[in-house]
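Geometric and topological summary
The primary structure of each chain is shown beneath.
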Amino acid sequence: MAIAQNTSSQLSAADSTADTIMDHQLQLLRKDIRSIKKQLIAANLTLTDSEATKFWQMYEQYSAETERINDTRTAIIKEYSEDYGTLTDDQADNLIRRWLDTDIEQNKTASAVRGDLSQVLPGKKAATFFQLDRRISTMIDLQITSQLPLAQNQD
């Protein structure tokens, strides 16, 4: 009995350590992605010194809000991964509803920033930023979501 409890404790500790390592790796990956995203935008968006000062300040605020939304998405993906194999119809519906809510929230954030950005950048430069932002975000989303198994395949 003591051996079974000890083994169970060890497995729980190993699971906890694996989760911690995965969370840490995910945090590092997201930090790298944010850095690369900023570099790609800087390399492809030609700004005057005056525009750059205002733009990058706004970008940091936008990036922080986007990060908060991505934290929610990451939690949803983690929950999906943990429940995969035993996911009920109600759980699946709840997860996708919450995922779609993050899409709505991201679009609202981008729309709000677009309004502010129009005061800082000319239309073509603002449009270029949003094109870059969308392209990079789409590539990241595709990379992450393409690795998730489809919900109906768990049976």
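Shown above is the structure to which this text applies.
If you're wondering where the values come from, they're calculated on a predicted model, not measured in any experiment.

1. Thoughts on the nonpolar core
Among the nonpolar cores identified, the biggest contains 19 residues, and I41, F55, L117 and F129 are the most heavily contacted of them. Those elements that place two or more of their residues in this core are α2 (49-83), α3 (89-117) and α4 (123-145). Looking at which element gives the most residues to this core, the answer is α2, with six residues. If sequence neighbours within four positions are ignored, F129 has contacts with I41, L45, F55, Y59, Y62 and L117. Within the second largest apolar cluster, six residues are counted, among which are I76, Y80, L87 and L95.

2. So, the pattern of salt bridges
For side chains of opposite charge, pairing can occur when their charged atoms come near one another. Using the criterion set out here, one finds eight salt bridges in the structure. We note a salt bridge from R68 to E65, for which the minimum N-O separation is 2.5 Å. In this pair, R68 and E65 both sit in helix α2, three residues apart, roughly one turn of the helix. For R68, a relative accessible area of 37% puts it in the partly exposed group.

3. Considering the environment of Q91
Looking at the element boundaries, Q91 is found in helix α3. Considering only alpha carbons, one finds Q91 and E79, 12 residues apart in sequence, at a separation of 9.8 Å. When neighbours within four sequence positions are excluded, Q91 is seen to be in contact with D83 and T86.

4. Here's the deal with the environment of A42
Take A42: it is sitting in helix α1 (residues 2-44). We classify A42 as partly exposed; its relative accessible area is 44%. Taking the C-alpha atoms as reference points, A42 and F129, separated by 87 residues in sequence, lie 9.5 Å from one another.

5. Re the packing of α3 against α4
In contact at an axis separation of 11 Å, α3 and α4 are set at 160° when each is read in the N-to-C sense. With respect to α4, the axis of α3 lies roughly antiparallel. α3 and α4 meet at a crossing whose hand is right-handed. Counted together, W99, N107, A110, V113, R114 and L117 of α3 and A126, F129, F130, R134 and T145 of α4 form the full contact between these two elements. Residue composition of the contact of α3 with α4, grouped by class: seven nonpolar, two polar and two charged.

How each quantity is defined
Residues numbered from 1 in each chain as written. Predicted model: local features only at pLDDT ≥ 70, side-chain atom pairs only at ≥ 80, totals over all residues. Heavy atoms only, no water. Core = buried A, V, L, I, M, F, W, Y, C linked by side-chain atoms within 4.5 Å. Buried < 20%, exposed > 50% of the residue type's maximum accessible area, 1.4 Å probe, protein only. Helix = DSSP H or I, 4+ residues; strand = E, 2+ residues; numbered from the N terminus. Contact = heavy atoms within 4.5 Å. Salt bridge = Lys/Arg side-chain N within 4 Å of Asp/Glu carboxyl O. Axes fitted to C-alpha atoms, helices over the stretch in contact; angles between N-to-C directions. Parallel < 35°, antiparallel > 145°, perpendicular 65-115°, else oblique. Left-handed = near helix turned anticlockwise from the far one by under 90°. Nonpolar A, V, L, I, M, F, W, Y, C, P; charged D, E, K, R; others polar.

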